[in-house]
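# Examination of the molecular architecture
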Amino acid sequence: MNAGEQRLSQLLKSSVPDPPHALSADQVTTRPADRSAKSWAIPALAAAAVAVIGLTAGVAASHHAGAPSPGAGAGRPTATASASGGCPEQTVPAFSGLTQTQAVAAAEALGYHVEVLAVASQAVPGTVVGQSPSVGSRVPRGAALTLQVSAAGEAGQGTASPRGRNSASPAPASCPTAAASATARPANGAVPAVTSLHAALAGTLLRRAGFAVTVVDSPPSAALRYFPPGVVYRQTPAAGTVARPGTRVTVYVAPKP
Amino acid sequence: MAQPPDFADFVRSRSGAMLRAAWLLTGGDWALAEDLVQTALGEVWRRWGRVAGMAAPDAYAHKVMLNTCLRWRGRRWTGEIASAFLPESAAGDGFHQVEMREALVRALRELSMRQRAVIMLRYFEDRSEAETADIMGCSVGTVKSQAAKAMAKLRHAPALRDFLTGEAVA
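Calculation rules
- Residues numbered from 1 in each chain as written.
- Chains lettered and ligands numbered in written order.
- Predicted model: local features only at pLDDT ≥ 70, side-chain atom pairs only at ≥ 80, totals over all residues.
- Heavy atoms only, no water.
- Helix = DSSP H or I, 4+ residues; strand = E, 2+ residues; numbered from the N terminus.
- Buried < 20%, exposed > 50% of the residue type's maximum accessible area, 1.4 Å probe, protein only.
- Contact = heavy atoms within 4.5 Å.
- Areas by Shrake-Rupley, 256 points an atom, 1.4 Å probe, with all protein chains shown as cover.
- Pairing = 2+ DSSP bridges.
- Axes fitted to C-alpha atoms, helices over the stretch in contact; angles between N-to-C directions.
- Salt bridge = Lys/Arg side-chain N within 4 Å of Asp/Glu carboxyl O.
- pLDDT = per-residue confidence, 0-100.
- Core = buried A, V, L, I, M, F, W, Y, C linked by side-chain atoms within 4.5 Å.
- Domains from an automatic or database assignment.
- Parallel < 35°, antiparallel > 145°, perpendicular 65-115°, else oblique.
- Left-handed = near helix turned anticlockwise from the far one by under 90°.
- Nonpolar A, V, L, I, M, F, W, Y, C, P; charged D, E, K, R; others polar.

Each helix and strand counted, chain A has 6 helices and 11 strands in total. Relative to its 257 residues, chain A shows a buried fraction of 45%. Counting only contacts in chain A whose residues sit at least 6 apart along the sequence, the fraction spanning at least 24 positions is 73%.

On to the overall build of chain B, then. Within chain B, the secondary structure is distributed over 9 helices and 0 strands. When the helices and strands of chain B are read in sequence order from the N terminus, they spell out α-α-α-α-α-α-α-α-α. Out of the 170 residues in chain B, the part that is buried amounts to 51%. Looking at chain B alone, contacts between residues at least 24 apart form 64% of all its contacts between residues at least 6 apart. As displayed, chain B offers around 8000 Å² of accessible surface, 53% of which is attributable to carbon and sulfur atoms.

Another aspect to go through is the sheet that holds strand 8 (residues 212–217) of chain A. Residue and element names in this part refer to chain A. Taken together, the 3 strands give an open sheet; going across it, the order is 8-11-9, and neighbouring strands pair in mixed fashion. Each edge of the open sheet is held by one strand with a lone partner, namely strand 8 and strand 9 (232–236). Between one strand axis and the next, the sheet turns through 25° on average, direction left out of account. One ladder, built from 4 bridges, connects strand 9 with strand 11 (residues 248–253); its direction is antiparallel.

All names here are of chain B. What the rule picks out here adds up to 9 salt bridges over all chains. Notably, a salt bridge pairs Arg 14 with Asp 58, separated by 3.9 Å at the nearest N-O pair. Separated by 44 residues along the polypeptide, Arg 14 in helix 1 (residues 7–25) and Asp 58 in helix 4 (residues 57–71) bring together distant segments of the chain. A relative accessible area of 23% means that Arg 14 is categorised as partly exposed. Residues Glu 102 and Arg 106 are paired through a salt bridge, measuring 3.0 Å at the closest nitrogen-oxygen approach. Here the residue Glu 102 and the residue Arg 106 both occupy positions in helix 5 (residues 95–110), the gap between them amounting to 4 residues, near one helical turn. Because the salt bridges share partners, they merge into one network encompassing Glu 43, Arg 46 and Arg 47.

Take the confidence of the model for chain B next. Residues and elements named next belong to chain B. Averaged over all residues, the pLDDT of chain B equals 78, while 79% of them reach at least 70. The least confident element of chain B, judged by mean pLDDT, is helix 9 (residues 158–164) at 77; the most confident is helix 8 (residues 140–156) at 91. Scored below 50 in pLDDT, residues 76–93 shows 25 contacts in the model against residues more than four places distant or in partner chains. Both scores are available for the predicted complex, with the pTM at 0.43 and the ipTM at 0.75.

Across soluble globular proteins, nonpolar side chains have a tendency to be buried as a group. B:Phe7, B:Leu25, B:Val44, B:Met65 and B:Leu160 are the most contacted members of the largest nonpolar core, which totals 65 residues. In terms of residue count, helix 1 of chain B provides more of this core than any other element does, 11 residues in total. When residues are assigned to domains, this core turns out to be shared by domain 1 (1–77) and domain 2 (92–170) of chain B, each giving three or more. Setting aside anything within four residues of it in sequence, one finds B:Met65 in contact with B:Met18, B:Ala21, B:Ala22, B:Leu25, B:Leu36, B:Val37 and B:Ala40. Listed in part, the 19 residues of the second largest apolar core include A:Val92, A:Phe95, A:Tyr112 and A:Ala239.

Moving on: the packing of helix 4 of chain B against helix 6 (residues 113–124) of chain B. All names here are of chain B. Where helix 4 contacts helix 6, the axes come no closer than 10 Å and their chain directions differ by 160°. Of the possible angle classes, the one that applies to helix 4 and helix 6 is roughly antiparallel. The crossing of helix 4 and helix 6 is right-handed. Contacts between helix 4 and helix 6 pair His 62, Leu 66, Cys 69 and Leu 70 from the former with Met 113, Arg 114, Ala 117, Met 120 and Leu 121 from the latter. Residue classes in the contact of helix 4 with helix 6 are distributed as 7 nonpolar, 1 polar and 1 charged.

Next comes the structure, spelled out in structure tokens:
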């Protein structure tokens, strides 16, 4: 390095200021950083593809499944009946935004071995802010699923706290079946998770699950600008809520910028 | 299943360094820098199961970030930026340093994306020419020529010229 280069190096190192805000993981997972149409079209298309695959597989498997499984929006559990001995794979649905109780119940109903990890986050304490494996991955039934749950009093809490880690369910010895409650009472069904899906797709999924749908187009606001336009950002009742067929589910759609 | 390193921890520990690098890459624009880092971390998150097992996940994240911004060079980052906000400076920052920083930001915006990337890797992160070439996916020769062109352009900036040629006392 010559003298000029050394001076440049010195200048760069002394000039770069401290970042104005620190980034946290939930910003990464919940905020699409590039708000151009192209960048979010890919995940949206992927979600759509997953959902379409889910729908076709659901149709092909006829109606044996009975009531729809909890938390199954984009990732309706499409249990591909593998001929081999291993557990059948299923698509991991989105759990973020649910409360810990809802998410754990939904995930256990889908046969996952759930582990809850408390993480520092600005999200409402007790809500799921991240998950591993990620949405849309295909993992065998009975696989471990880590839910990252926003911890209370996040400010000083630097690391995932051990107290937040609990084994919510024992590791299953064999392929667990979907929770009995889901099949025993076909009259009532759990509301599928449709957040982060396009409104039309969300409507289709909900109607197919036997619910009536109201779509609310939200007016533009600062709080909503980070959601991709046309995508469901909130639903009531929440995903995983067990409700009678025909219950009206309201989905709130992010505005066009 | 072994628990991979927590993504949240990774973000907490690495995002500061990534943001600083992104600040240089974007020519001193914090909003774009944050967009860039978030996009890069989003890519890392999608592959986290694999990345977490790597010897150096941070190096991978860095590479993703560079590739992202090189892919984004169609965006007019070098275009005139209407609001000339100075980034917030830390307390005790001398006037001279603020002036130099502003001059540096102006000069960086004159550079191409690749030249900023080379400058950032070589002189901010002190990587060797070989490492820089590996991260950018180009030859060592390209790194040398881009670095030389970038240096020449930076010397054109009046405020930087004196400093870089050693004529002014820093």
